[in-house]
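# Close look at the chain arrangement
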Amino acid sequence: MSKVTIKDIRVILTAPAGINLVVVKVETSEPGLYGLGCATFTQRYLAVRSAVEDYLKPFLVGKDVDNIEDIWHSCMVNSYWRNGPVLNNAVAGIDMALWDIKGKRAGMPVYQLLGGKCREGAAVYCHADGRDVYEVEDNVRKYIEQGYRYIRCQMGGYGGRSEKLSSPENAPPGAYYDPDAYARSVPKLFEHLRSKIGFEVELLHDVHERLQPIEAVRLAKQLEPYRLFFLEDVLPPEYINWFEIIRYQSVVPLAMGELFVNPCEWTPLIVNRLIDYIRVHISAIGGITPARKLAAFCEAFGIRTAWHGPGDVSPIGHAANVHLDICCHNFGIQEWSGIDDRLMEVFPGSPIVKNGYVYPNDKPGLGVDIDEKKAAKYPCENRVTMWTLARLPDGTSVRP
Ligand code: MG
């Protein structure tokens, strides 16, 4: 095969569903051959664009597109300081685009390059919320009717919503919630759901790091009778040493990691078998190259994958998740937030869900393209992020 080099790298910003997405396009010396990657860090999308266009592009133009492993490592250390969500997302955009190019050159989908299929489709979990237990139950039933068998159940959003909050005078604005009221509400929610719906459907719950560590331990114990598929992000990355205590107190399966950006965060949880599912955000750890290694590392310890799949992942990033889901033996579950008609219009070839399973297409590479004219119809907006301004009833700012 003749040598193909990187000719240009561009960042495409678009928000078809109202969420800012960052797509990296790597153009090559071969006319018409390009790759696409997801570099979406929605809250800091302009910083990622700068990392790609101002720093990585001059470093990479002229390099051989075949050498993904070397490019990944050299990009990660070129700034000397490494890891962190801005750089990792920027590198991930390049990395996914290079895997896309490699697949196109080989005439194969990326999952074939990674070992081939372990399964035809990947089971997904969706998200049911509601103001009270009855509304959550109704929404769970709607998903069951649509063929979903794994459903994450929340009540009033992350951390719940409390009607009566007593705050000090002049308390600053923020997304207030009451962690005690929230912690008390969760076992009641699952008691209701299991008594009405039974145990045939798998139920999940996301704590979203909203509890103090000892309250997280208590909740994990209280949820045991309801046989959750997993309890998600029960503590923030800063408190990973508490996982050992939770583990020895409860057999609730634990999923962790959507905020992880550094191998030092996940390594102790894996080698000590303190979690059951690794659920990092693939672009936030640097792309397909580190994710496939992380999956293999977890396989040796009996830990399964559950890649983060929210709305702030582009359809190209969702495709990267699904290609890994299809070929990793230790796949567990895939979070699925849905791809609406506007996203489908901008990103032809996006993965689709049928009857609770998501499928990649069989096109070479990641199989998803971008229509740049249509993408331009949905410009990104640089707004101050408010939902992350979580506050306790007394006004203290806490992790969201
Ligand atoms: Mg989560």
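Preceding block: the structure.
Now for a look at the structure at hand. On a predicted model such as this, the values are computed, not experimentally measured, just so you know. (Residues numbered from 1 in each chain as written. Predicted model: local features only at pLDDT ≥ 70, side-chain atom pairs only at ≥ 80, totals over all residues. Heavy atoms only, no water.)

## Considerations on the packing of aromatic side chains
Per the counting criterion, the structure on display carries eight aromatic pairs. Centre to centre, the rings of Y143 and Y148 are 5.5 Å apart; their planes meet at 90°, and the pair counts as edge-to-face. Residue classification places Y143 among the partly exposed positions, given a relative accessible area of 23%. What makes Y148 buried here is its relative accessible area of 12%. Pairing F230 with Y277 gives two aromatic rings, centres 5.0 Å apart and planes at 55°, and the pair type is tilted. Pair noted here: F230 is in strand β8 (residues 230-232) and Y277 is in strand β10 (residues 277-278), with a separation of 47 residues, a long-range link. Here F230 matches Y277 in class, with each residue buried. An aromatic cluster is defined as three or more aromatic residues linked by ring pairs; in this entry it consists of Y125, Y150, F229, F230 and Y277. Here the basic side chain of K25 rests over the ring of Y34, its NZ or CZ set 4.2 Å away from the ring centre. Positioned above the aromatic ring of Y177, the side-chain terminus of R210 is 4.6 Å from the ring centre. (Phe/Tyr/Trp six-rings, centres within 6.5 Å; stacked < 30°, edge-to-face > 60°. Buried < 20%, exposed > 50% of the residue type's maximum accessible area, 1.4 Å probe, protein only. Helix = DSSP H or I, 4+ residues; strand = E, 2+ residues; numbered from the N terminus. Lys NZ or Arg CZ within 6 Å of the ring centre and 35° of its normal.)

## Some thoughts on the nonpolar core
The biggest cluster of nonpolar side chains holds 117 residues, and the ones touching the most others in it are I94, F190 and F243. The greatest single-element share of this core, amounting to nine residues, is contributed by helix α3 (residues 85-106). Of all hydrophobic cores here, the second largest spans ten residues; its members include L204, F230, Y277 and I333. (Core = buried A, V, L, I, M, F, W, Y, C linked by side-chain atoms within 4.5 Å.)

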